[in-house]
Amino acid sequence: LPTRLHHTAYVSRDLEATRKFYEEVIGLPLLATWCEKDLLFGAERTYCHLFFGLADGGALAFFQFADPADQEQFGPKMPFTPFHHIALHVDRETQEGIEQRLAAAGYKEPQSFVLDHGYCRSVYATDPNGMIVEFTHDHPDVAKINAARRQDAHSELKRWLAGDHTSNNTYR
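Here's a quick rundown of the structure. (Residues numbered from 1 in each chain as written. Predicted model: local features only at pLDDT ≥ 70, side-chain atom pairs only at ≥ 80, totals over all residues. Heavy atoms only, no water.)

1. Observations concerning the side chain of D127
Okay, step 1: Along the chain, D127 turns up in the loop between strand 7 (120-126) and strand 8 (132-138).
Okay, step 2: A distance of 2.7 Å separates the side chain of D127 from the backbone nitrogen of N129, its partner in a polar contact.
Okay, step 3: Those residues in contact with D127, other than ones at most four positions away along the chain, are F21, Y22 and F62. (Helix = DSSP H or I, 4+ residues; strand = E, 2+ residues; numbered from the N terminus. Polar contact = N/O pair within 3.5 Å; in protein donor to acceptor, adjacent residues only side chain to side chain. Contact = heavy atoms within 4.5 Å.)

Next comes the structure, spelled out in structure tokens:
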């Protein structure tokens, strides 16, 4: 099995706005800036690549291309939907700090919102690139909850696919 997320990568329209959001508002340190030129997909591509650190050693990475045509080709627009996002685990104190910094920076619905799933509480924020990032704090009984869901994961999937769409979330 993979040991951890090394990084995820997305294309940014504005690396400075991206840096401000992730470093100053969210609190992720900028770990590396790679300025690169590579022969990729039949052409020379010039780009800048930022890495923002996570506590486990993983990172969120963002590219910006020097050539607007490369930017357009490799940087499709993010759809605005909470069903396309990245979720990061945080403790309660970190989540509260992120919420406070988002509010101080003027983020409000739909740019930022909270959803209590029962098994976790999530703060969602839309970054300057249109990507939604979720900051999740788990329920105090997360180990028990995860064990129960692990035990019935296959049978619950089979039940749902067969047409029984009854909720199994008893934690809300």
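2. Section: the packing of helix 1 (residues 15-26) against helix 3 (residues 92-104)
Okay, step 1: Between helix 1 and helix 3, whose axes approach to 9 Å, the crossing angle comes to 125°. Here helix 3 runs oblique to helix 1, going by the angle between their axes. Of helix 3, the residues touching helix 1 (which contributes F21, E24, V25 and I26) are I98, R101 and L102.
Okay, step 2: Among the residues making up the contact of helix 1 with helix 3, the classes are represented as five nonpolar, no polar and two charged. (Axes fitted to C-alpha atoms, helices over the stretch in contact; angles between N-to-C directions. Parallel < 35°, antiparallel > 145°, perpendicular 65-115°, else oblique. Nonpolar A, V, L, I, M, F, W, Y, C, P; charged D, E, K, R; others polar.)

3. Structural notes on the packing of aromatic side chains
Okay, step 1: Counted by the stated rule, this structure contains 12 aromatic pairs.
Okay, step 2: Taking the centre distance of 4.8 Å and the plane angle of 85° together, the rings of F21 and Y22 count as edge-to-face.
Okay, step 3: Ring plane angle 35° and centroid distance 5.6 Å describe the contact between Y22 and F52, whose orientation is recorded as tilted. A residue pair is termed long-range when its members are at least 10 positions apart, and Y22 in helix 1 and F52 in strand 3 (residues 43-53) qualify at 30 residues.
Okay, step 4: Among the aromatic residues, those joined into a ring-pair cluster are Y10, F21, Y22, F52, F62 and Y107. (Phe/Tyr/Trp six-rings, centres within 6.5 Å; stacked < 30°, edge-to-face > 60°.)

4. Considering a nonpolar patch on the surface
Okay, step 1: Taken together, the side chains of L157, W160 and L161 present a nonpolar region at the surface, about 340 Å² in accessible area.
Okay, step 2: Exposure remark for L157: the relative accessible area of 47% places this residue in the partly exposed category. (Patch = residues over 30% accessible without salt bridge, like charges linked within 9 Å, V, L, I, M, F, W, Y side chains within 5 Å. Areas by Shrake-Rupley, 256 points an atom, 1.4 Å probe, with all protein chains shown as cover. Salt bridge = Lys/Arg side-chain N within 4 Å of Asp/Glu carboxyl O. Buried < 20%, exposed > 50% of the residue type's maximum accessible area, 1.4 Å probe, protein only.)

5. Section: the environment of P110
Okay, step 1: The residue P110 is located in the loop between helix 3 and strand 6 (112-116) in this model.
Okay, step 2: C-alpha of P110 to C-alpha of T126: the two residues are 16 residues apart in sequence and 8.1 Å apart in space.
Okay, step 3: Among residues more than four places away in sequence, those in contact with P110 are F80 and T126.

6. Description of the sheet that holds strand 7
Okay, step 1: Read from one edge of the open sheet, four strands run 5-8-7-6, paired in mixed fashion. Each end of this open sheet is capped by a strand with a single partner; those strands are strand 5 (85-89) and strand 6. Shown here is a sheet whose adjacent strand axes are inclined to one another by a mean of 20°, direction ignored.
Okay, step 2: The pairing of strand 6 with strand 7 spans five bridges and is antiparallel. Following the sheet pairing, L115 is matched in strand 7 by S122.
Okay, step 3: Its contacts with the sheet place helix 3 against strand 6, strand 7 and strand 8, and it is angled at close to 30° to strand 7. (Pairing = 2+ DSSP bridges.)

Keep in mind these numbers describe shape, not what the thing actually does.
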